[in-house]
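# An overview of the molecular structure
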Amino acid sequence: NAGVTQTPKFQVLKTGQSMTLQCAQDMNHEYMSWYRQDPGMGLRLIHYSVGAGITDQGEVPNGYNVSRSTTEDFPLRLLSAAPSQTSVYFCASSRVRGTNYGYTFGSGTRLTVV
Amino acid sequence: TQLLEQSPQFLSIQEGENLTVYCNSSSVFSSLQWYRQEPGEGPVLLVTVVTGGEVKKLKRLTFQFGDARKDSSLHITAAQPGDTGLYLCAGQAAGNKLTFGGGTRVLVKP
């Protein structure tokens, strides 16, 4: 089925470790973004991209890097994991033209940093 | 920073009752979206409202966009246990970025 695929689904990291959360979409969507979801705080935007080669920071970018070498893939890198990065991470995509298109979300990566 | 406030944060009702969830902001949005999220899954788009005063119906769900495009409401008629979930509103501004409200957790008891 077409959609947004995130891997892994679960991950436990030790403080200071690095890792990459993978996100791929097969809908030829130009816009992709990463959110984190924490209890009582809703979904907060980490980074986003309006097309291959273009990325920008969202609301909570510190400690995370992104790149967009292809339309399909938008990986999120944690440089040196901290307990404050324990969260559920969602990747989402949408068409970029116009402002009335809904987002398609992946099923999330639940990350625990110990 | 554009903020969206949802109320109530939690709602527990019996099957067959009606409920309304509110989404308010001091900012104007070009469109407002409603999502439902179930445990262990990502949010799923229910509806997008674009025009001030617009009303959209999706079976037993009625969505309304405020005249000034700053607020919205979701009304569920005769709620069923399958309506249980986290309901999220999200405002869309220029550049396609979405700002999410904190969510309303709805529990419909059989």
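Up top is the structure these notes are about.
Okay, so let's go over this structure. Bear in mind the structure is a predicted one, so any value in this text is a computation, not a measurement.

Another point: the overall build of chain B. If you tally the helices and strands in chain B, you get 0 helices and 11 strands. Helices (α) and strands (β) of chain B occur, in sequence order from the N terminus, as β-β-β-β-β-β-β-β-β-β-β. Compactness check: chain B gives a C-alpha radius of gyration of 13 Å against a globular reference of 13 Å for 110 residues, within 12% of the reference. Each of the three principal axes of chain B carries a C-alpha extent, and together these read 40 × 30 × 20 Å. Put simply, chain B has 110 residues, and 45% of those count as buried. Residue pairs in contact within chain B that sit at least 24 positions apart in sequence constitute 53% of those at least 6 positions apart. Accessible surface, chain B as shown: approximately 5200 Å² in total, 50% of it carbon and sulfur. Separation of charge centres in chain B, based on 10 positive and 9 negative side chains, amounts to 4 Å.

Residues and elements named next belong to chain B. Sheet architecture is open: 5 strands sit in the order E1-E3-E8-E7-E6, paired in antiparallel fashion. Single-partner strands in this sheet number two, and they are strand E1 (5-7) and strand E6 (55-58). With strand direction ignored, the average angle separating the axes of adjacent strands in the sheet is 15°. Where strand E3 (residues 19-24) meets strand E8 (residues 71-76), 6 bridges bridge the pair, whose relative direction is antiparallel. The partner of Asn-24 across the bridge, within E8, is Asp-71.

Below, the discussion takes up the sheet that holds strand E3 (residues 19-25) of chain A. All names here are of chain A. If you walk across this open sheet you meet the 4 strands as E1-E3-E8-E7, and the pairing is antiparallel. On the outer flanks of this sheet lie strand E1 (4-7) and strand E7 (64-66), each paired with one strand and no other. When the angles between neighbouring strand axes are averaged without regard to direction, this sheet yields 20°. Here E1 pairs with E3 via 4 bridges, running antiparallel. Looking across to E3, one finds that Thr-7 is bridged to Gln-22.

Turning our eyes to something else, we now look at the side chain of Arg-44 of chain A. All names here are of chain A. With respect to the helices and strands, Arg-44 occurs in strand E5 (residues 42-51). A relative accessible area of 16% places Arg-44 in the buried class. Among the polar contacts made by the side chain of Arg-44, one reaches the side chain of Asp-38 at a distance of 2.9 Å. Not counting residues up to four positions away in its chain, the partners in contact with Arg-44 are Trp-34, Tyr-35, Arg-36, Asp-38, Glu-59 and Val-60.

Further remarks concern the state of the cysteines. The full count for this structure, using the stated rule, is 2 disulfides over all chains. A disulfide bridge connects Cys-23 of chain A with Cys-91 of chain A, and the sulfur atoms are separated by 1.9 Å. Because the torsion about its S-S bond is -70°, the bridge between Cys-23 of chain A and Cys-91 of chain A counts as left-handed. Remark: Cys-91 of chain A occurs in strand E9 (residues 87-94) and Cys-23 of chain A occurs in strand E3; sequence separation between them is 68 residues. Like Cys-91 of chain A, Cys-23 of chain A is buried. Two residues share a disulfide in this structure: Cys-23 of chain B and Cys-89 of chain B, whose sulfurs sit 2.0 Å from each other.

Reading the values: rules and limits
Residues numbered from 1 in each chain as written. Chains lettered and ligands numbered in written order. Predicted model: local features only at pLDDT ≥ 70, side-chain atom pairs only at ≥ 80, totals over all residues. Heavy atoms only, no water. Helix = DSSP H or I, 4+ residues; strand = E, 2+ residues; numbered from the N terminus. Rg over C-alpha atoms; globule rule 2.2 N^0.38 Å. Buried < 20%, exposed > 50% of the residue type's maximum accessible area, 1.4 Å probe, protein only. Contact = heavy atoms within 4.5 Å. Areas by Shrake-Rupley, 256 points an atom, 1.4 Å probe, with all protein chains shown as cover. Lys, Arg positive; Asp, Glu negative; His and termini not counted. Charge placed at Lys NZ, Arg CZ, Asp CG, Glu CD. Pairing = 2+ DSSP bridges. Axes fitted to C-alpha atoms, helices over the stretch in contact; angles between N-to-C directions. Polar contact = N/O pair within 3.5 Å; in protein donor to acceptor, adjacent residues only side chain to side chain. Disulfide = S-S within 2.5 Å.

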